[in-house]
Amino acid sequence: RNLLASAVTAARRLLVDDVVQQLKETYGIHEDETVPMERLGHLTPDQQDSAAALRELVEHHAAAIPGKADERRRGGYARTVLEIAFTTLNRFAAIRMCEERELIAPSLREGLSSDGYRLFESLAHDQLGGRHEIYRTYLQLLFDELAVDLGVLFDRSSPQSAIFPRERCLEELLRILNQE
């Protein structure tokens with residue numbers, strides 16, 4: 001139990017840090033302020049849609065918190081960060097459990113060397129970018145497949161899906177999830 005609790009705590013901390021970084025650096029969403037959308041010209045149209053959805057999610061959570069505006073903002077931001085990190089961790093844990101029960105092809109157990117990913121990569125022929133981008137696409141398609149039966153957890157249309165772990169975060173998350 002202690003090993004499991006330690007792994008969950010480490011994974012959650014890792015994901016929270018990554019979410020906060022991406023909210024700030026990519027989407028201009030900070031705990032105490034939000035960069036106007038007009039100043040985010042570097043974002044692709046999909047990222048702009050994600051930025052708008054994430055802003056709405058922070059505002060939605062903030063509206064449910066009593067207190068002054070700045071307290072509500074910080075609380076809404078914190079809840080958004082935790083919700084995104086929690087959703088991501090639950091998705092990856094569910095995939096690992098599916099792998100262990102042989103319900104899906106190995107996808108996380110050996111990371112980029114997993115059989116399921118290697119097959120997908122051989123079909124992608126670098127058409128989707130670098131290895132991390134291909135792996136991300138593979139996992140997102142796996143999410144879509146699992147959403148048929150587990151819609152709430154794997155629904156990629158939710159704002160919580162706008163943030164996917166960065167490469168280093170994903171590597172560390174896989175290391176944590178693959179420990180004995």
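Parameters and conventions
Residues numbered from 1 in each chain as written. Predicted model: local features only at pLDDT ≥ 70, side-chain atom pairs only at ≥ 80, totals over all residues. Heavy atoms only, no water. Core = buried A, V, L, I, M, F, W, Y, C linked by side-chain atoms within 4.5 Å. Buried < 20%, exposed > 50% of the residue type's maximum accessible area, 1.4 Å probe, protein only. Helix = DSSP H or I, 4+ residues; strand = E, 2+ residues; numbered from the N terminus. Axes fitted to C-alpha atoms, helices over the stretch in contact; angles between N-to-C directions. Parallel < 35°, antiparallel > 145°, perpendicular 65-115°, else oblique. Left-handed = near helix turned anticlockwise from the far one by under 90°. Contact = heavy atoms within 4.5 Å. Salt bridge = Lys/Arg side-chain N within 4 Å of Asp/Glu carboxyl O.

Draft legend 1. Seen up close, the nonpolar core. Core analysis: the biggest nonpolar cluster contains 45 residues, and Leu 23, Leu 54, Phe 92, Ile 95, Tyr 135 and Leu 139 have the highest contact counts within it. For this core, the secondary-structure elements that each account for two or more residues are α1 (2-25), α2 (45-63), α3 (69-100), α4 (115-124), α5 (131-147) and α7 (167-177). For this core, the leading source of residues is α3, giving nine residues.

Draft legend 2. Molecular detail of the packing of α2 against α3. Contact pair α2 / α3: the axes reach a minimum separation of 7 Å and the direction vectors enclose 120°. Judged on the interaxial angle alone, α3 and α2 are oblique. When the axes of α2 and α3 are compared, the crossing they make is right-handed. Contact residues: α2 offers Leu 54, Leu 57, Val 58, His 61 and Ala 62, while α3 offers Arg 72, Arg 73, Gly 76, Tyr 77, Arg 79, Thr 80, Glu 83 and Ile 84.

Draft legend 3. Inspection of the pattern of salt bridges at higher detail. Counting across every chain of the model gives 10 salt bridges. Salt-bridge contacts for Arg 79 lead to Glu 83; the nearest nitrogen and oxygen are separated by 3.9 Å. In this pair, Arg 79 and Glu 83 are both assigned in helix α3, four residues apart and thus about one turn of the helix distant. Notably, a salt bridge pairs Arg 175 with Glu 172, separated by 2.5 Å at the nearest N-O pair. With a gap of three residues between them, Arg 175 and Glu 172 both fall in helix α7, about one helical turn apart. Owing to a relative accessible area of 45%, Arg 175 belongs among the partly exposed residues under this scheme. Glu 172 sits in the partly exposed class, given a relative accessible area of 28%.

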